[in-house]
Amino acid sequence: MDKYWINNYRMGGYLLFACGLINLRYQWGESDVAMRSAIIFIPGALIIGATFVPAMLKILARREVKFLLSAVGLAIAIFAVTN
């Protein structure tokens, strides 16, 4: 089984996690910054964590899950940049 795709999930998770924390730091004085940043970094942390759980790897390997997480991850990354 080809497991190179796990690295893609991890890099995407790290991207969201880092963007969320950077967003939190640089917009600290604004209202609702914790909620907006949590929308970005919590999914990233969940994706990273899921790649270390063997039972989740079977789910993450499915084609429709890859597509769904790619679309959601891209949407969250766009939200992070435009936020």
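Look up a bit, the structure's there.
Note that the structure is predicted; figures quoted are calculated from it, not measured. (Residues numbered from 1 in each chain as written. Predicted model: local features only at pLDDT ≥ 70, side-chain atom pairs only at ≥ 80, totals over all residues. Heavy atoms only, no water.)

S.K.: Just to check I follow, could you spell out the nonpolar core for this structure?
M.R.: Note on soluble globular proteins: their nonpolar side chains tend to be buried together. Within the largest apolar cluster, 13 residues are counted, with the highest numbers of intra-cluster contacts made by Trp5, Tyr9, Leu16, Leu57 and Leu60. Mapped onto this core, the elements with two or more residues apiece are helix 1 (5-26), helix 2 (33-50), helix 3 (54-60) and helix 4 (63-82). Not counting residues within four places of it along the chain, the set of residues in contact with Tyr9 comprises Ile47, Thr51, Leu60, Val65, Lys66 and Leu69. (Core = buried A, V, L, I, M, F, W, Y, C linked by side-chain atoms within 4.5 Å. Buried < 20%, exposed > 50% of the residue type's maximum accessible area, 1.4 Å probe, protein only. Helix = DSSP H or I, 4+ residues; strand = E, 2+ residues; numbered from the N terminus. Contact = heavy atoms within 4.5 Å.)

S.K.: Quick question: what am I supposed to make of the environment of Ala45 here?
M.R.: Topologically, Ala45 is positioned in helix 2. Sequence-wise, Ala45 and Tyr14 are 31 residues apart; in three dimensions their C-alpha atoms are separated by 7.5 Å.

S.K.: Help me out: how do you make sense of the pattern of salt bridges in this one?
M.R.: Any two side chains of opposite charge can pair, given that their charged atoms come close. Taken as a whole, this structure holds two salt bridges when the rule is applied. The salt bridge partner of Arg36 is Glu30, with a shortest N-O separation of 3.4 Å. Using a relative accessible area of 18% as the deciding quantity, one classes Arg36 as buried. Between Glu64 and Arg62 there is a salt bridge; the shortest N-O distance is 2.4 Å. Accessibility expressed as a relative area gives 44% for Glu64, which makes it partly exposed. Residue classification places Arg62 among the partly exposed positions, given a relative accessible area of 45%. (Salt bridge = Lys/Arg side-chain N within 4 Å of Asp/Glu carboxyl O.)

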